[in-house]
Amino acid sequence: MKRIAMAILCTILLITGLPQGFLQEAKASSVTGQESHVEIKTINGKKYCFKNGRKVTGMQKVGDDYYFFSGSAKGAMDGGWKIAKGHFRYFDKKTGKMQTNRTINGRKVNSQGIWTPVVVLDPGHSAIVAGGYEPLGPGAGQMKAKDTSGTQGVVTRVEEYKLNLTIAKKLKSLLEKKGYKVILTRTNNKVALSCKQRAEIANKAKADAFVRIHANGSSSSSANGAMTICTTKNSPYVPSLYKKSKALSTQILNAYVKATGCKKEFVWETDSMSGNNWSKVPATIIEMGYMSNPTEDRKMQTVSYQKRMVTGIANGIDRFIIYS
């Protein structure tokens with residue numbers, strides 16, 4: 001019918017001599033005036049979304065409700081926590097509908113279906129080192145230095161605290177695009193902070209994750225790779241956080257290694273890190289690589305490798321938030 005209508009219109013134009021631009025405008029309006037037909041179809045027991053006959057993925061509005069169709073599941077409807085339209089949203093696992101004005105496992109979802117997780121990033125060390133000592137953890141008799149100067153690139157001579165801040169700032173930018181609220185414990189290299197003070201920033205923010213950014217050093221120049229560090233199952237300070245801190249550490253390490261291609265060391269469980277011990281929220285330290293290794297030192301100073309480093313850490317945080 002549309003073709004017949006256009007043919008009639010063309011005939012009228014030839015007879016009346018109306019300007020050609022009128023025909024172009026008529027064509028455009030006939031296209032833009034079409035309404036999208038969106039529907040959900042069940043195929044082999046799974047639900048898919050079709051828009052004008054074509055399968056679509058991501059967050060889609062069908063009727064009065066929003067649903068999520070996963071690209072990783074070949075477009076099938078998927079529930080749970082998802083990053084959709086630049087925000088964290090929860091889709092009911094039974095109905096598939098996006099939830100609003102609800103608290104789900106302690107996470108408050110607003111009227112727009114948005115929950116904003118809080119991440120505190122701690123760029124390790126600083127140009128000004130906090131002097132003195134502080135308890136290793138709450139109620140500890142053992143004291144530990146409030147901070148140290150960190151390591152330095154064996155080839156580049158770049159101080160660790162500078163690399164840590166560079167990565168933290170780039171990571172902050174990426175995470176904010178994904179829908180996180182991000183707080184840095186320091187934004188420059190002229191701040192003296194103890195490990196306890198860094199943890200207190202995360203505690204005050206009631207962070208969903210406390211990620212401490214560091215680089216490693218060794219007496220052996222051949223040592224290379226990444227590791228993460230969390231408290232132990234029998235921590236005398238925060239035993240209740242072990243499962244979540246271990247999960248955060250594991251997810252970040254796995255995603256970081258996948259993104260960078262570096263050697264995977266391990267998740268080191270220890271109660272010797274005062275910043276982790278004082279944290280009341282899930283916490284981990286990522287040792288991004290060895291600045292004492294010439295090859296790794298050079299890599300970590302390149303823009304291309306830093307992009308992979310940041311992507312890896314962000315992906316690990318995503319997986320922790322979504323699946324924890």
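Above: the structure in question.
Residues numbered from 1 in each chain as written. Predicted model: local features only at pLDDT ≥ 70, side-chain atom pairs only at ≥ 80, totals over all residues. Heavy atoms only, no water.

A count of helical and extended segments in the protein gives eight helices and 17 strands. For the protein, long-range pairs separated by at least 24 residues make up 67% of all intrachain contacts whose partners lie at least 6 apart in sequence. If you sum the accessible surface of the protein, you get close to 16900 Å²; carbon and sulfur atoms cover 51% of it. (Helix = DSSP H or I, 4+ residues; strand = E, 2+ residues; numbered from the N terminus. Contact = heavy atoms within 4.5 Å. Areas by Shrake-Rupley, 256 points an atom, 1.4 Å probe, with all protein chains shown as cover.)

To describe two helices that pack against each other, one gives the angle between their axes and the distance between the axes. At a closest axis distance of 9 Å, the pairing of helix H3 (residues 160-177) and helix H8 (residues 303-323) adopts a crossing angle of 55°. Taken together, the axis directions place H3 and H8 in an arrangement best described as oblique. The hand of the H3/H8 crossing is right-handed. Residues Leu163, Thr166, Ile167, Lys170, Leu171, Leu174 and Leu175 of H3 form the contact with H8, whose participating residues are Gln306, Met309, Val310, Thr311, Ile313, Ala314 and Ile317. A per-class count over the contact of H3 with H8 returns 10 nonpolar, three polar and one charged. (Axes fitted to C-alpha atoms, helices over the stretch in contact; angles between N-to-C directions. Parallel < 35°, antiparallel > 145°, perpendicular 65-115°, else oblique. Left-handed = near helix turned anticlockwise from the far one by under 90°. Nonpolar A, V, L, I, M, F, W, Y, C, P; charged D, E, K, R; others polar.)

The strands that make up a sheet pair up through hydrogen bonds in the backbone, lying either parallel or antiparallel. Pairing is mixed in the open sheet, where six strands are placed in the order S13-S10-S14-S17-S15-S16. Of all the strands in the sheet, just strand S13 (181-184) and strand S16 (264-269) have a single pairing partner and so form its edges. Neighbour-to-neighbour, the strand axes of the sheet open up by a mean angle of 20°, direction not taken into account. Note: strand S10 (residues 118-123) against S13, four bridges, orientation parallel. Following the sheet pairing, valine 118 is matched in S13 by lysine 181. Running at roughly 150° to strand S14 (residues 209-216), H8 makes contact with S10, S14 and strand S17 (283-290) of the sheet. (Pairing = 2+ DSSP bridges.)

Quick look at the nonpolar core now. The biggest cluster of nonpolar side chains holds 41 residues, and the ones touching the most others in it are Leu175, Val211, Ile213, Met288, Ile313 and Ile317. Beyond its immediate stretch of four places on either side in the chain, isoleucine 317 contacts Val119, Leu175, Tyr180, Val211 and Ile252. Of all hydrophobic cores here, the second largest spans nine residues; its members include Val118, Ala199, Phe210 and Ala283. (Core = buried A, V, L, I, M, F, W, Y, C linked by side-chain atoms within 4.5 Å. Buried < 20%, exposed > 50% of the residue type's maximum accessible area, 1.4 Å probe, protein only.)

Within the secondary structure, alanine 192 sits in the loop between S13 and helix H4 (195-205). The sequence separation of alanine 192 and valine 129 amounts to 63 residues, and the corresponding C-alpha distance is 5.3 Å. Ignoring sequence-local partners within four residues, the contact set of alanine 192 consists of Ile128, Val129, Ala130 and Gln197.

Turning next to the pairing of strand S7 (residues 87-91). Of all five residues that make up S7, four are buried, and the element is covered over most of its length. Pairing between strand S6 (residues 80-84) and S7: five bridges, direction antiparallel. Pairing of glycine 80 across the sheet is with phenylalanine 91, part of S7.

Looking now at the pattern of salt bridges. Tallying each qualifying case throughout the model produces 10 salt bridges. One salt bridge in this structure joins glutamate 269 and lysine 246, with 2.9 Å as the shortest N-O distance. With a gap of 23 residues between them, glutamate 269 in strand S16 and lysine 246 in helix H5 (residues 242-260) connect regions that are remote in the sequence. For glutamate 269, a relative accessible area of 31% gives the class partly exposed. (Salt bridge = Lys/Arg side-chain N within 4 Å of Asp/Glu carboxyl O.)

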